There are 2 protein chains.
Amino acid sequence: MTDLKTAAELLKSKDNIEILTHHYPDGDTLGSAYALCLSLQSMGKNARVVTSGVPAHKYDFLKDSMKMQSFEREFVVSVDVAAPSLLGENLEEYGEIIDLCIDHHGTNSMQATDIYVEAQAAASAEIIYNLILELGCEITPEIANCIYTGISTDTGCFRYSNTTSRTHEIAADLMSKGADWQKINAVMFEIKSKEQLHLERMVYRTLEYHCNGKMALIYTTLDMLKGAGIRDDEVEGLASIPKQIEGVLLGLTLREKEDGTFKISARTNEGANAAEFCGLFGGGGHPAASGCTIAGDLDTVKSRLIKAAESLL
Amino acid sequence: MTDLKTAAELLKSKDNIEILTHHYPDGDTLGSAYALCLSLQSMGKNARVVTSGVPAHKYDFLKDSMKMQSFEREFVVSVDVAAPSLLGENLEEYGEIIDLCIDHHGTNSMQATDIYVEAQAAASAEIIYNLILELGCEITPEIANCIYTGISTDTGCFRYSNTTSRTHEIAADLMSKGADWQKINAVMFEIKSKEQLHLERMVYRTLEYHCNGKMALIYTTLDMLKGAGIRDDEVEGLASIPKQIEGVLLGLTLREKEDGTFKISARTNEGANAAEFCGLFGGGGHPAASGCTIAGDLDTVKSRLIKAAESLL
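An account of the accompanying structure is given in this report. Model, not experiment: these values are computed from the prediction. (Residues numbered from 1 in each chain as written. Chains lettered and ligands numbered in written order. Predicted model: local features only at pLDDT ≥ 70, side-chain atom pairs only at ≥ 80, totals over all residues. Heavy atoms only, no water.)

### Topic: the overall build of chain A
1) Next: Looking only at helices and strands, chain A features 12 helices and 11 strands.
2) Next: A globule of 313 residues ought to have a C-alpha radius of gyration of about 20 Å, and chain A, at 21 Å, matches this closely.
3) Next: For the C-alpha atoms alone, the extent of chain A along its principal axes is close to 60 × 40 × 35 Å.
4) Next: Counting over 313 residues, chain A shows a buried share of 56%.
5) Next: A separation of at least 24 residues holds for 64% of the contacts in chain A among residues at least 6 apart in sequence.
6) Next: About 13,200 Å² of surface is accessible on chain A, with carbon and sulfur atoms providing 47% of the total.
7) Next: Between the mean site of the 28 positive side-chain charges and the mean site of the 45 negative ones, chain A shows a separation of 5 Å. (Helix = DSSP H or I, 4+ residues; strand = E, 2+ residues; numbered from the N terminus. Rg over C-alpha atoms; globule rule 2.2 N^0.38 Å. Buried < 20%, exposed > 50% of the residue type's maximum accessible area, 1.4 Å probe, protein only. Contact = heavy atoms within 4.5 Å. Areas by Shrake-Rupley, 256 points an atom, 1.4 Å probe, with all protein chains shown as cover. Lys, Arg positive; Asp, Glu negative; His and termini not counted. Charge placed at Lys NZ, Arg CZ, Asp CG, Glu CD.)

### Examining the interface of chain B and chain A
1) Next: Across the boundary between the two partners, chain B contributes 36 residues, which contact 36 residues of chain A.
2) Next: Around 3,700 Å² of area is buried between chain B and chain A when both sides are counted, 58% of it from carbon and sulfur atoms.
3) Next: Across the chain B-chain A interface, the total number found is one salt bridge.
4) Next: Linking chain B with chain A are 15 residue pairs in polar contact (both at pLDDT 80 or more), by the criterion used here.
5) Next: Put simply, the parts of the chain that give the side of chain B that touches chain A at least two residues each are α6 (165–176), α7 (181–190) and α8 (194–205) of chain B.
6) Next: The element contributing the most residues to the side of chain B that touches chain A is α6(B), with seven residues.
7) Next: Residues of the side of chain B that touches chain A, tallied by class, amount to 15 nonpolar, 11 polar and 10 charged. (Buried area = accessible area lost by both parts, 1.4 Å probe. Salt bridge = Lys/Arg side-chain N within 4 Å of Asp/Glu carboxyl O. Polar contact = N/O pair within 3.5 Å; in protein donor to acceptor, adjacent residues only side chain to side chain. Nonpolar A, V, L, I, M, F, W, Y, C, P; charged D, E, K, R; others polar.)

### Concerning unusual backbone geometry
Keep in mind that most residues, glycine aside, have a negative phi and that most peptide bonds are trans.
1) Next: Of note, A:Asp80 is a non-glycine position whose phi angle comes to about 65°, a positive value.
2) Next: Even without being glycine, A:Cys157 reaches a positive phi, approximately 60°.

### A short note on the layout of surface pockets
1) Next: Volume-wise, the second largest pocket comes out at about 200 Å³.
2) Next: Here the residues of the lining of the second largest pocket sort into seven nonpolar, one polar and four charged. (1 Å grid on protein atoms, 1.4 Å probe; cavity = no way out; pocket = protein on both sides within 12 Å on 5 of 7 lines; lining within 4 Å. Points joined across faces, edges and corners; volume = space filled by probe spheres on them.)

### Considerations on the environment of A:Tyr116
Residues and elements named next belong to chain A.
1) Next: On the secondary structure map, Tyr116 appears in strand β5 (residues 114–117).
2) Next: We classify Tyr116 as buried; its relative accessible area is 12%.
3) Next: Distance from Tyr116 to Ile143, taken between C-alpha atoms, is 21 Å for residues 27 residues apart in sequence.
4) Next: Sequence-distant contacts of Tyr116, that is, excluding residues within four places in its chain, are made with Met1, Thr2, Asp3, Leu4, Cys101, Ile102, Asp103 and Ile127.
5) Next: A distance of 2.7 Å separates a polar atom in the side chain of Tyr116 from a polar atom in the side chain of Glu118.

### Quick look at the packing of aromatic side chains
1) Next: Counted by the stated rule, this structure contains six aromatic pairs over all chains.
2) Next: Ring geometry for A:Tyr148 versus A:Phe158: centroids 6.1 Å apart, planes at 65°, classification edge-to-face. Remark: A:Phe158 occurs in the loop between α5 (141–154) and α6 (165–176) and A:Tyr148 occurs in helix α5; sequence separation between them is 10 residues.
3) Next: Of the residues examined, A:Phe158 reaches a relative accessible area of 0% and is grouped as buried.
4) Next: Put simply, the rings of A:Tyr148, A:Phe158, B:Tyr148 and B:Phe158 pair up and form one aromatic cluster.
5) Next: In this arrangement the basic side chain of A:Arg48 is found over the ring face of A:Phe71, its NZ or CZ atom lying 3.9 Å from the centre.
6) Next: Over the ring of A:Phe61 we find A:Lys183; its NZ or CZ atom is 4.3 Å from the centre of that ring. (Phe/Tyr/Trp six-rings, centres within 6.5 Å; stacked < 30°, edge-to-face > 60°. Lys NZ or Arg CZ within 6 Å of the ring centre and 35° of its normal.)

### Let's talk about the packing of helix α2 (residues 27–42) of chain A against α5(A)
The description of two helices packed together rests on the angle between their axes and the distance between the axes.
All names here are of chain A.
1) Next: One can describe the packing of α2 onto α5 by two numbers: an axis separation of 8 Å at closest approach and a directional angle of 160°. With respect to α5, the axis of α2 lies roughly antiparallel. In this structure, α2 crosses over α5, and the sense of that crossing is left-handed. Within the contact between the two elements, α2 uses Gly27, Asp28, Gly31, Tyr34, Ala35, Leu38 and Ser39 and α5 uses Glu142, Ile143, Cys146, Ile147, Thr149, Gly150, Thr153 and Asp154.
2) Next: The class makeup of the residues in the contact of α2 with α5 is six nonpolar, six polar and three charged. (Axes fitted to C-alpha atoms, helices over the stretch in contact; angles between N-to-C directions. Parallel < 35°, antiparallel > 145°, perpendicular 65-115°, else oblique. Left-handed = near helix turned anticlockwise from the far one by under 90°.)

### Notes on the relation of the copies chain B and chain A
1) Next: Placing chain B over chain A gives an RMSD of 0.1 Å and needs a rotation angle of 180°, together with 0.0 Å of translation along the axis. The operation mapping one copy onto its partner corresponds to a two-fold rotation axis. Residue B:His168, judged by its C-alpha, is the member of chain B lying nearest the rotation axis, at 2.5 Å.
2) Next: Looking at the interface residues of chain B, 100% of them are also at the interface in chain A, so both copies use one shared face. (Least-squares fit on C-alpha atoms with pLDDT ≥ 70 in both.)

### Some words on the sheet that holds strand β10 (residues 284–285) of chain A
All names here are of chain A.
1) Next: An order of β6-β7-β8-β9-β11-β10 is seen for the six strands of this open sheet, with the pairing classed as mixed. Pairing within the sheet leaves two strands with one partner each, and these edge strands are β6 (208–210) and β10.
2) Next: Note that β10 and strand β11 (residues 289–295) share two bridges and pair antiparallel. Bridge pairing links Gly285 to Ser290 in β11. (Pairing = 2+ DSSP bridges.)

Next up, the structure:
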């Protein structure tokens, strides 16, 4: 465990730096990586971001001003990567050569020469904001965009329990530094593709209540995805639908996968424990948000879930 | 036009104060009124809130610690009321006896002895926050709840264009003062009744695209409301659905009313003007959000709207 000042000194002393994100890159890992890369480039260093998997197009505008640089790597930083397996396709090449790991997950289990984890930070982008100030870099509007994106996506726009006073203070500063926060929130939270909406329309029809209205479930099947013309990895934000319903303690979202299983997302309100529920099926996670995988056809999977919910609620 | 210091001095000099909200009271008018009332009561004054129309139950917890006091009114304050007509059922009794009007609508047209309008404030609750500090009152957790509610509901949880750096700074302070912001955001933005969800399920099925996908519309009918078991005034948040779809410039929501008309909400993205569109039907509003009313049956109303959209887009 190192401190932020040492992390900054390390980065200042290096010139050719690679920054790794976690796989299925989200707004926080990308915003953190792009913000750090832009800052290092502004210091005259060579820097580039190496993602695992291709980021969704909605993040593209964040790297508009990033220079593509070719160089021999000298120093490797990971941002927002909580465990080696989350390096995805980069695990083999990078797993044992990471020099500096920066993260906000308290459970961080990375191997790296130096590790800086700040579990109180709502997003890794909050740590990167502090690191950039420590590096003595200016927060340009482009860098502000990246950090704001990391913070707003990881906090559900200042709603999730990880949000702190500090989160709002940083947001205030990023706005004054020129972050295009309206565009970011529109792109990250509002705009839906016609295909996503078509799928949601079908998903709403699958809604079922069980356990006297204390459990609600929705599902997607491969046929539904095909009918809506949407790829599985393009589907967003379904898991919160059943949990939002008044009186529902446990909201389940079932997604049929190509391998004959269903991926289950469990979301709970006060009075139910998602990790406990998913534990019954070999899964786990947080008390309010967990997941598991169950093999079988839709009816079998549903009835196993309903039975488990009945025993728990 | 007075200033905040004078407004505070006025309030300090009075003992029996009534606070008016606008009709169909929302989170900002209620949060502002309750916060001011709690502060005045904490100063040993008599104070009460007079709403126009019964507030939705979800706001009830904000006044848990408010004392019910009976007294002869000496001083009347309106908060977040932009025009006399918005006093609703209280217009006749209070229209000409308001001593102090506090608001954040630049278009304010109230009659009052003293008026304090701060159009840069994202919410009236932001002004009340400053006023309470000016009064020398402590921001208790209960008062922080009221102000946070006003701010978060009027900014769509820090997303709408009225949000400023100052908004975030105040939110940071309210969190540190003990605001139960997680509960507030859950109650205000997440929890939906089973009836609301049932209606949404039906509404999704009504979605139509026109003008090569640049216009999208959804509708509710009286039959649909009846089928879902929901009252018209309980329906929330439908207007944003069609506007969120990728490629849609103009999103229309049609709601059938008891009097044989349809109330139209128009929401636009860059490239279309909702006020101009609604102006064609004698309505108006803001460039991004406007409304109008059209008489006729669903098919007639729809085809008039589609024709107008075709001419405009």
